[in-house]
Amino acid sequence: MPHVLCVRFHPLSSEPLGEEAYEGLLALLGEFTPVVEALPPDAALADVRGALRYFRRDAAQLAELVRVRALARYGADCVIGVAANPLLARMAAQDGAPGAIRTVPAEPAAVAGFLERKPAVALHGIGPATARTLAAYGLDSVDRIAAAPLSALTRILGATAGRRVHERAHGIDPSPVTPNAPARSAGAEHRFGHDELDPERRRRALLSLADELGARLRAEGRIARALTLTVRYADRSTTTRTRALAEPTAHTPALTEAAYALHAALGLQRARVRALSLRAEDLTGADHAAHQLSLDPEDEKARRVEAAVDRARARFGHHAAHSAALLRRDVA
């Protein structure tokens, strides 16, 4: 029986969803179930299995309640996927229009029909680079991947990745919805004015986001242990990747380096990108972590400059100082 909701929030205004509104929407889901997994910056998973009998409704009817309350309280519409596991729920919500509630029945034939002819990148966890590798072998759709022998997939992708892709192509996802704490993260988003194909402009956007995140973390006296990059494409699908940082930090160059590495690993040379978001994860107080001393004078100089920029921004506003790479007109 379907019992997992994937909820994607869409503000009715053109402004991106703020952190306060996002946390409120997560709390709204918490009124139905304590098993809520935040998927920043604008989505969440909820396992409502325990709520079905209490509310005397099925999962699709609970999804409609969630949508109505989100509209009434926060002015945010939703796309909600309803399915028997997180993979199928994510995929059902991936390309729906705001207001859509899309249910994938649990029967194997219905799952196969839902997955049929979807592109490989529609499977959560398969990025453009993996999709290109599979396409080189003629495996460019989910049904073709599902029909391929497991042994062939493991030869192409390796044992672990091949087995995971094989399971997902059959709609199998054993991972549970894992409750987490959104307050232990902070994010920033950049929306392009058009579908962006230029990787250099995307890198400059990432530099701007890392600069914004670093400044905010330092102002709040917090540091991050990991960084998450979310890429939203022209077809509304998304790819999310997370990288652990070498050491907990709020240092902008370290955040920028990690963001660039995440972006490069996705292989987005021809991707039509609509928006990028960075999220600093697993935050903790800066006074609770030790900074490894560097013998590199350039690193120490960069940290002194960063501290001076922070002081200038605190006095004159965030736009008082910028990286030289952000001064070009086409950054925004």
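Procedures and definitions
- Residues numbered from 1 in each chain as written.
- Predicted model: local features only at pLDDT ≥ 70, side-chain atom pairs only at ≥ 80, totals over all residues.
- Heavy atoms only, no water.
- Core = buried A, V, L, I, M, F, W, Y, C linked by side-chain atoms within 4.5 Å.
- Buried < 20%, exposed > 50% of the residue type's maximum accessible area, 1.4 Å probe, protein only.
- Helix = DSSP H or I, 4+ residues; strand = E, 2+ residues; numbered from the N terminus.
- Contact = heavy atoms within 4.5 Å.
- Salt bridge = Lys/Arg side-chain N within 4 Å of Asp/Glu carboxyl O.

Asker: Help me understand the nonpolar core, please; the structure alone is not making it clear to me.
Answerer: It is characteristic of soluble globular proteins that their nonpolar side chains tend to be buried jointly. Among the nonpolar cores identified, the biggest contains 32 residues, and Leu88, Met91, Val104, Phe114, Leu115, Leu134 and Ile145 are the most heavily contacted of them. Breaking this core down by element, the ones donating at least two residues are strand 1 (4–11), strand 3 (43–47), strand 4 (76–83), helix 4 (86–94), helix 5 (108–115), helix 6 (128–135), helix 7 (142–147) and helix 9 (159–169). The dominant element in this core, judged by the number of residues it contributes, is helix 4, at six residues. With residues near it in sequence (within four places) discarded, Ile145 still touches Ala120, Leu134, Leu139, Leu153, Val165 and Ala169. Ranked by size, the runner-up nonpolar core spans 31 residues in total, among them Leu213, Leu262, Ala271 and Leu283.

Asker: Help me understand the pattern of salt bridges in this model?
Answerer: Working definition: two side chains of opposite charge can pair if their charged atoms are close together. One pass over the structure, following the stated rule, counts 16 salt bridges. The partner of Asp195 in a salt bridge is Arg274, and the shortest N-O contact between them spans 2.7 Å. Here Asp195, found in strand 6 (residues 186–196), pairs with Arg274, found in strand 9 (residues 273–281); they are 79 residues apart in sequence, far enough to count as distant. A relative accessible area of 34% means that Arg274 is categorised as partly exposed. Salt-bridge contacts for Arg225 lead to Asp282; the nearest nitrogen and oxygen are separated by 3.7 Å. Taken as a pair, Arg225 in strand 7 (residues 222–233) and Asp282 in the loop between strand 9 and strand 10 (284–285) lie far apart in primary sequence, 57 residues in all. By relative accessible area, which is 33% here, Asp282 ends up partly exposed. Each of Glu31, Arg69 and Arg73 takes part in a single network of salt bridges with overlapping partners.

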